[in-house]
Amino acid sequence: MSTNANRHDLWAPETRANPLPVYARMRQEAPLVRLVDPYFKDPVWVATRYKDAVDLLRDPRFTKDMRKLPDGTPSKQLRAGSMQVLNQHMLMSDPPDHTRLRTLVSKAFTPRRVEELRPRITAIAHRLLDAVQAHGSMDLLDAFAFPLPVTVIAEMLGVPLEDQDQFREWTNAIVHPPIDGNFEPIQKAGQRFIQYFQGLLERRRAEPRDDLLTDLMSVEEKGDRLSPVELLSMLFLLLVAGHETTVNLIGNGIWALLKHPEQLERLRARPALIDSAVEEMLRYRGPVETTTQRWAAQDVEFRGQVIRAGEAVVASLLAANHDPEQFPEPERFDITREPNRHIAFGFGIHFCLGAPLARLEGTIAITLLLERLPRLRLSVDPAGLRWRDGILMHGLQRLPVAF
Ligand code: HEM
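Only a predicted model underlies this, so the values are computations on that prediction, with no experimental measurement involved. (Residues numbered from 1 in each chain as written. Predicted model: local features only at pLDDT ≥ 70, side-chain atom pairs only at ≥ 80, totals over all residues. Heavy atoms only, no water.)

(A) Highlighting the layout of surface pockets. Each pocket or cavity is described by its volume, and for the largest pocket that value is around 530 Å³. In terms of lining residues, the largest pocket is bounded by 21 residues, among which Ala 108, Arg 113, Met 156, Leu 212 and Asp 215 are the most central. Broken down by secondary-structure element, the contributors of at least two residues to the lining of the largest pocket are α6 (97-106), α8 (118-133), α10 (147-157) and α13 (212-222). The element contributing the most residues to the lining of the largest pocket is α13, with four residues. (1 Å grid on protein atoms, 1.4 Å probe; cavity = no way out; pocket = protein on both sides within 12 Å on 5 of 7 lines; lining within 4 Å. Points joined across faces, edges and corners; volume = space filled by probe spheres on them. Helix = DSSP H or I, 4+ residues; strand = E, 2+ residues; numbered from the N terminus.)

(B) Molecular detail of the pairing of strand β1 (residues 32-37). Here six bridges tie β1 to strand β2 (residues 42-47), and the two strands are oriented antiparallel to one another. Opposite Val 36, over in β2, you have Pro 43 as the bridge partner. (Pairing = 2+ DSSP bridges.)

(C) Up close: the coordination of the iron atom of the ligand. Counting protein donors around the iron atom of the ligand gives one, Cys 352 (SG), at 2.3 Å. Along the polypeptide, Cys 352 turns up in the loop between α18 (317-320) and α19 (355-372). (Donors = N, O, S within 2.8 Å, 3.2 Å for Na, K, Ca; no water.)

(D) Structural view of a positive patch on the surface. Residues Lys 107, Arg 113, Lys 222 and Arg 225 make up a contiguous surface patch of positive charge. Mapped onto the elements of the fold, Arg 113 is located in helix α7 (residues 111-115). (Patch = residues over 30% accessible without salt bridge, like charges linked within 9 Å, V, L, I, M, F, W, Y side chains within 5 Å. Areas by Shrake-Rupley, 256 points an atom, 1.4 Å probe, with all protein chains shown as cover. Salt bridge = Lys/Arg side-chain N within 4 Å of Asp/Glu carboxyl O. Lys, Arg positive; Asp, Glu negative; His and termini not counted. Charge placed at Lys NZ, Arg CZ, Asp CG, Glu CD.)

(E) Structural view of the sheet that holds strand β4 (residues 137-139). The strand order across the open sheet built from three strands is β4-β10-β9, with neighbouring strands paired in antiparallel fashion. If you trace the sheet from one side to the other, it starts and ends with β4 and β9 (377-378), each paired once. When β4 meets strand β10 (residues 400-402), the two strands line up antiparallel, connected through three bridges. Within β10, the residue paired with Asp 139 across the bridge is Pro 400.

(F) Region of interest: the site of the ligand. Taken together, 28 residues are adjacent to the ligand, and His 98, Thr 292, Arg 294, His 350 and Cys 352 come closest. Within the side chain of His 350, a nitrogen or oxygen atom sits 2.7 Å from an oxygen atom of the ligand. Every element with two or more residues in the shell around the ligand is listed here: α6, α14 (228-244) and α15 (246-259). Ranked by residue count, the leading element in the shell around the ligand is α14, at four residues. Residues that form the shell around the ligand fall into these classes: 17 nonpolar, nine polar and two charged. (Near = heavy atom within 4 Å. Polar contact = N/O pair within 3.5 Å; in protein donor to acceptor, adjacent residues only side chain to side chain. Nonpolar A, V, L, I, M, F, W, Y, C, P; charged D, E, K, R; others polar.)

(G) The arrangement of helix α11 (residues 164-175) in detail. Taking 1.5 Å of rise per residue, the twelve residues of α11 would be expected to cover 16 Å, and the 16 Å separating its terminal C-alpha atoms lies within 8% of that figure. Of the positions making up α11, those classed as buried are Gln 164, Phe 167, Trp 170, Thr 171, Ile 174 and Val 175. End-on, the buried residues of α11 take up no more than an arc of 120°, which puts them together on one face. Opposite its buried face, α11 presents the exposed residues Asp 165 and Glu 169, each directed more than 90 degrees away. Looking at the buried positions of α11, the neighbouring elements they touch are α5 (82-85), α10, α12 (184-206) and α14. (Expected span 1.5 Å × (residues − 1). Buried < 20%, exposed > 50% of the residue type's maximum accessible area, 1.4 Å probe, protein only. Arc of directions from axis to C-beta. Contact = heavy atoms within 4.5 Å.)

Below, the structure written as structure tokens:
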């Protein structure tokens, strides 16, 4: 079935404001359906049931390596030029390349190593709140949820923080697709990234430091485990992943709490519930709405349908995390939900490498916000809040609050 019928229009503005009714219909009527992405003009199969999402994400017949796709595949053409150079990373590769690339950095992201960052993340969060506390109001995303994870990942990698405004502009161009189908800004942003990293690597070669950039550079110099292009791609992936995700965990999480004052009160009364509250925030409105694309390496039969070689598939994590077969009363936001086996961080070999870091940042950020701003509340009509375009990320454009 090929349809972009209104009933399944994931990209419509009213769907962006609340995608859940459309996903509920899709899980019922068309759990695996071929839609046309209006930005990329590319057909994409979308899976919405929990079990299908999990099965799809662990199915080796779908590839993440575009080199395996037939020439002329639209997805391949879109990622030409600078975006091809930046796409030789673990999230765009299959084993054994995937295993090799992920192993190179996995040690830096284990729960134990990440826990060592707790004092530093706490200090950054306090500093950001110090800067706004006296104002009595802020855009929570701009003033807090965005700069916190960006500062953390920039420090881990060893990227100068004063350059963060540029990254923000470039990652924005890359992650949020152009409405008018003009891909030049994406290509330009890609080129800027490459030039920037090349300059930074040169400086670091002259003056090594104790950071991930220096570590990866020395692996690359040894020659056999990381090529120069893979190094650029790795830096790009870590920086973008650290930019566009945790911001929405904090933003969507606070939005959910303010929308459910009784849950907010429970959390204020028992701050130890924060870990389970963060899991529920990830399930209820996770930052990543659909996974990145996989492609059928050859014709693949899946759930009774044939996905042709080169066609793209994604799993909707938001839809899967609201599947009533898996989560009783999925629309209920319950910070003590148990069990809560959500897949907001994906599933299978590409499960989010940064999950321990994102969880730690989320728990620290939300705990401190509630501790330091006891009168935290929305400063606009909730109906006026706007969500961002596109179906990859799920996050608010702004979150104006008073305290
Ligand atoms: C709440 C915040 C975050 C969420 C919800 C999230 C979600 C995800 C998801 C769903 C995937 C899999 C995508 C797919 O299969 O198509 C993924 C992969 C990945 N994430 Fe995250 N992410 C978050 C934060 C981070 C952070 C802070 C980092 C670290 C800098 C990070 C690094 C990565 C990497 C490197 C991958 C690729 C893993 C692989 O291909 O093996 N993420 N993330």
